Amino acid sequence: MAIEIPMFKSIKSYFEEKLSVSKLSDDQDITLVSSTELASAALLVEVMNSDHELDERESQEFIKVLQSSLKIPEEDLQELVRLAESQAEQATSLYEFTRLINDEYDYNQKLDLIHNMWRIAFSDEKLDKYEDHLIRKVSELIYVTHSDFIKTKLQARDT
């Protein structure tokens, strides 16, 4: 039995409307985005917002991460960004997002998420203490070991 989280209702309805099977033509290859992937996108937005300075490089890296990990059409990407930003603003805690991650992601997917969070944090060429704290907190909440937390940080920093 799936539990519907209120913060994802607007995202879910958007994708149901935008990507409904009856509207797809035979030549379209669209993969539906899960609520867990949307939770991941919202966590990435949290990283961008954590230092209270939105740098264009962070926004660009965010788009790159979404394109590579979610593989959705360009025309739907901006709407997903808007919805993820809205959900991040409305969230009362990280638990709303990390619970979905824990329920659905395996350990390697969790590592990918932490790595992507580091990619965004390092994209403006300075790591803010609030970004570091947020990623550390998410890492703990999704049960990523400290050694893997550090490994993903170093990998993202060195790329």
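As the structure is a prediction and not an experimental result, all values here were calculated from the model.

## Quick notes on helix H6 (residues 107-122)
An α-helical turn contains 3.6 residues, so any two residues separated by three or four positions project in the same direction.
(1) Moving on: Given a rise of 1.5 Å per residue, 16 residues ought to cover 22 Å, and the 23 Å separating the end C-alpha atoms of H6 matches this to within 8%.
(2) Moving on: Every buried residue belonging to H6 is among Lys110, Leu111, Leu113, Ile114, Asn116, Met117, Trp118, Ile120, Ala121 and Phe122, and all of these are buried.
(3) Moving on: Packing partners of the buried residues in H6 comprise helix H2 (35-50), helix H3 (56-70), helix H5 (95-104), helix H7 (129-141) and helix H8 (146-157).

## Looking at H8
(1) Moving on: With 12 residues, H8 extends 16 Å between its outermost C-alpha atoms, agreeing within 8% with the 16 Å of an ideal straight helix rising 1.5 Å per residue.
(2) Moving on: Among all positions in H8, only Asp148, Phe149, Thr152, Lys153 and Ala156 are buried. Along the axis of H8, the buried residues cluster in a sector spanning 140 degrees; they form a single face.
(3) Moving on: Its buried side turned inward, H8 meets H6 and H7.

## Description of the nonpolar core
Buried together is how nonpolar side chains tend to be arranged in soluble globular proteins.
(1) Moving on: Counting residues in each nonpolar core, the largest one holds 40 residues, and the members touching the most others are Phe62 and Met117.
(2) Moving on: Sorting the residues of this core by element identifies H2, H3, helix H4 (74-90), H5, H6, H7 and H8 as the ones contributing at least two each.
(3) Moving on: With 9 residues, the single largest contributor to this core is H2.
(4) Moving on: Dropping the residues within four chain positions of it, phenylalanine 62 is found in contact with Ala41, Leu44, Val45, Met48, Val81 and Ile120.

## Comments concerning the environment of alanine 41
(1) Moving on: You can see alanine 41 is positioned in helix H2.
(2) Moving on: Distance from alanine 41 to leucine 66, taken between C-alpha atoms, is 7.2 Å for residues 25 residues apart in sequence.
(3) Moving on: Contact partners of alanine 41, with chain neighbours within four places excluded, come to Phe62, Leu66 and Ala84.

## Thoughts on the packing of aromatic side chains
Within a pair of aromatic rings, the relevant descriptors are the distance that separates the centres and the angle that separates the planes.
(1) Moving on: In this structure the tally under the stated criterion is 2 aromatic pairs.
(2) Moving on: When the centroid spacing of 5.4 Å and the interplanar angle of 55 degrees are considered together, the rings of tryptophan 118 and phenylalanine 149 count as tilted. Pair noted here: tryptophan 118 is in helix H6 and phenylalanine 149 is in helix H8, with a separation of 31 residues, a long-range link. As far as the burial class goes, tryptophan 118 and phenylalanine 149 line up, both buried.
(3) Moving on: Ring pairs connect the aromatic residues Trp118, Phe122 and Phe149, which therefore count as one cluster.

## So, unusual backbone geometry
(1) Moving on: At glutamate 125, a residue that is not glycine, the phi angle is positive and equals roughly 65 degrees.
(2) Moving on: With respect to the secondary-structure elements, glutamate 125 resides in the loop between H6 and H7.
(3) Moving on: The residue tyrosine 143 is not glycine, and still its phi comes out positive at about 65 degrees.
(4) Moving on: Tracing the chain through its elements places tyrosine 143 in the loop between H7 and H8.

## Focus on the confidence of the model for the protein
Keep in mind that low pLDDT regions are not for reading the predicted coordinates in detail.
(1) Moving on: When pLDDT is averaged across the protein, the result is 78; 79% of the residues are at 70 or more.
(2) Moving on: In the predicted structure, residues 1-31 sits below a pLDDT of 50 and forms 36 contacts with residues beyond four places in sequence or in another chain.

Parameters and conventions
- Residues numbered from 1 in each chain as written.
- Predicted model: local features only at pLDDT ≥ 70, side-chain atom pairs only at ≥ 80, totals over all residues.
- Heavy atoms only, no water.
- Helix = DSSP H or I, 4+ residues; strand = E, 2+ residues; numbered from the N terminus.
- Expected span 1.5 Å × (residues − 1).
- Buried < 20%, exposed > 50% of the residue type's maximum accessible area, 1.4 Å probe, protein only.
- Contact = heavy atoms within 4.5 Å.
- Arc of directions from axis to C-beta.
- Core = buried A, V, L, I, M, F, W, Y, C linked by side-chain atoms within 4.5 Å.
- Phe/Tyr/Trp six-rings, centres within 6.5 Å; stacked < 30°, edge-to-face > 60°.
- pLDDT = per-residue confidence, 0-100.

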